[in-house]
Structures are given as C-alpha cells and as structure tokens.
Amino acid sequence: MKIATWNVNSIRVRLTHLLDWIEHEGPDLVSVQETKVADESFPKLNFTELGYSALYSGQKSYNGVAIFFKNDIVVEELEPPIFPDNQKRFIAVNMSGVDFVNVYVPNGSSVGSTKYQYKLDWLQVLIDWLKQRLKKNNKIVLMGDFNIAPADIDVHDVERWKDKILCSEGERNIFEQFKKIGFCDVYRYLHPCDRNFTWWDYRLNGFARNWGLRIDHILTSSVMTPVVTKIGINKSLRELDRPSDHALVWADLIT
DNA sequence: ATGTCGCTCGAGGAGCGA
C-alpha cells in the first residue's frame, strides 16, 4: 500500500495540487496538515468524486488535519488524547489493524517562548498517548509535520539554525523520546546519508536556494519498520504555481 | 536573513501565525 503525508498550508488553496497528486498516484491513505478550514466548509465532495473518503478535524484560520482513504476501505477513527487546549492538530484511524496517526505539531515560534513550552507539552501528551496505545496495538504509523529537524544532516545551514526553533536541543531531545519507545524515523533509516528537506521558507526564495529543513516525518513502531519498503520526498509539488511551503513525504508498505 | 504566504475582518489593508 502507498501512504503519504503533506502539510498543504490551506487545503482550499492547494485543492487542485492535492487532487491531481491523488489521482495520479492512487495512494491508499493520505494525511494532510494545516487545512485551515472549519469542518462545515471542508471540500469533502471533491475527494468523494475521486473515490476517497475523508475524516477531518479543523478550525477556522489555523491548524486543521485530515485523512483521506479509498472509499472501499473500512476504518475506525481513534479517540484523540487530551491536549493542553482545543487546537486541531491530531486525527487518527485504525485501518486493517494498523493505527495511522496524523499530527500537526505546534511550531513553537521561538526557543523559550510560551509557544515553545506549549510545543514541548503537546509533544509529551502525544508520547504518553503512544505509550498507552502501544500496549493495545503495536502496529502504529505516526506521520505528519513534526516541526522538528531531528539532526544536523536535516538542516541546510547548521550554523544558521543552531539552537533555533525547529532545531533546538529541547525539541531534538523530545524527538529522541519517540525512538526510545520504539519508533523509527523511516526516511533516515532507509536513507542514512541523504541530505534532503521537506520544508523551505517562502521568504528570500528559500526553495530555489535549497534553504530547507527536514521536518515532516513518517515514524513506525518497531513491528511496522520492516513493513516499509520505500520512502521518498516529492519536491515537484513544491515547484508548482502557488505551492505549499512543504514537500510531500510518501512511503510504500507491504500489505 | 524582518524576507512571503494564507487567513480574518470587512471593504483596504493591518495583524497574526508560520
């Protein structure tokens, strides 16, 4: 099966990009972040026409997540954990015994800010939830925009980003917590030396200069890691007119 | 290296978040 995760930065603006990619690739499951739309305005019908169902958890202006899957697949939506507030950043389903968890981790603004602490607190709630969930089901795929570049190889300019938001020690320590409870950063596992990125700032022509970071990830619980045969980053979506500032990350799984 | 995008409110452009 093929899965993907993409921060679309407004599903309404990126609707054609997303629909075209789904039609071309025929993925089984797609996770998106930053839909930026209330549930009553979600463009569900566009996906229905393509043969996909949608589950979404959104709010006006900010945040918002969704999962698309083929109409003939039966999924069960999972109850989210209790986060510090009601921002819409988590949606999860169980499909054929595997949990697919889609997250939009808070950005954190700047190291030491109130939003930074919120980011760390939010991630701790997620990790505690995963620990509990693993006791019931050890097949988990955790995917989304983590807003963390796990190591220096994931950063275009290490000196410029040193100790900055998305690269700080506190964020990287929390990312290590996912590994401690058994999760694998599959892109890095299958591509140990590749310096590739998933996000480039709109400002200062960041994409053309390849001033990027790898902050979008697919993490697998230990039993799911050998199930992933291929993983890649689709940068062509970042080259389109009016692109998202993120690339899409996809993976092939043995079914 | 204070840049650019998307959104809201509300009718033009400021303010927020990323």
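For the structure, check the block above.
Residues numbered from 1 in each chain as written. Chains lettered and ligands numbered in written order. Predicted model: local features only at pLDDT ≥ 70, side-chain atom pairs only at ≥ 80, totals over all residues. Heavy atoms only, no water.

Q: Just to check I follow, could you spell out the pairing of strand E2 (residues 29–33) for this structure?
A: Looking along a regular strand, one sees the side chains alternate between the two faces of the sheet. In terms of burial, E2 is a largely internal element, 5 of the 5 residues being buried. By the alternation rule, side chains of E2 split into Leu29, Ser31 and Gln33 and Val30 and Val32, which are all buried. In this structure, strand E1 (residues 2–7) lies alongside E2, joined through 5 bridges in parallel fashion. Bridge pairing in E2 places Thr5 opposite Ser31. Once the chain exits E1 it traverses helix H1 (residues 15–25) before rejoining the sheet at E2, and the crossover so formed is right-handed. (Buried < 20%, exposed > 50% of the residue type's maximum accessible area, 1.4 Å probe, protein only. Helix = DSSP H or I, 4+ residues; strand = E, 2+ residues; numbered from the N terminus. Pairing = 2+ DSSP bridges. Right-handed = clockwise from strand over helix to strand, strands pointing away.)

Q: Would you explain unusual backbone geometry in this entry?
A: A positive phi angle is found at Asn9, which is not glycine, with a value near 50°. You can see Asn9 is positioned in the loop between E1 and H1. For Asn9, a relative accessible area of 11% gives the class buried. If you check the backbone angles, Leu166 has positive phi at about 85° while not being a glycine. Inspection of the secondary structure assignment puts Leu166 in the loop between helix H4 (158–161) and helix H5 (169–180).

Q: I keep staring at the protein's contact with DNA strand B and nothing clicks. Help me out?
A: The immediate surroundings of DNA strand B are formed by 19 residues, with Ser10, Arg14, Ser61, Arg160 and Arg242 found nearest. In DNA strand B, atoms within 4 Å of the protein come from the sugar-phosphate backbone in 69% of cases. Arg14 is positioned with one of its side-chain polar atoms (N or O) 2.8 Å from a phosphate oxygen of DNA strand B. Within the side chain of Arg160, one N or O atom sits 3.1 Å away from a base nitrogen of DNA strand B. Split by residue class, the surface near DNA strand B holds 6 nonpolar, 5 polar and 8 charged. (Near = heavy atom within 4 Å. Polar contact = N/O pair within 3.5 Å; in protein donor to acceptor, adjacent residues only side chain to side chain. Nonpolar A, V, L, I, M, F, W, Y, C, P; charged D, E, K, R; others polar.)

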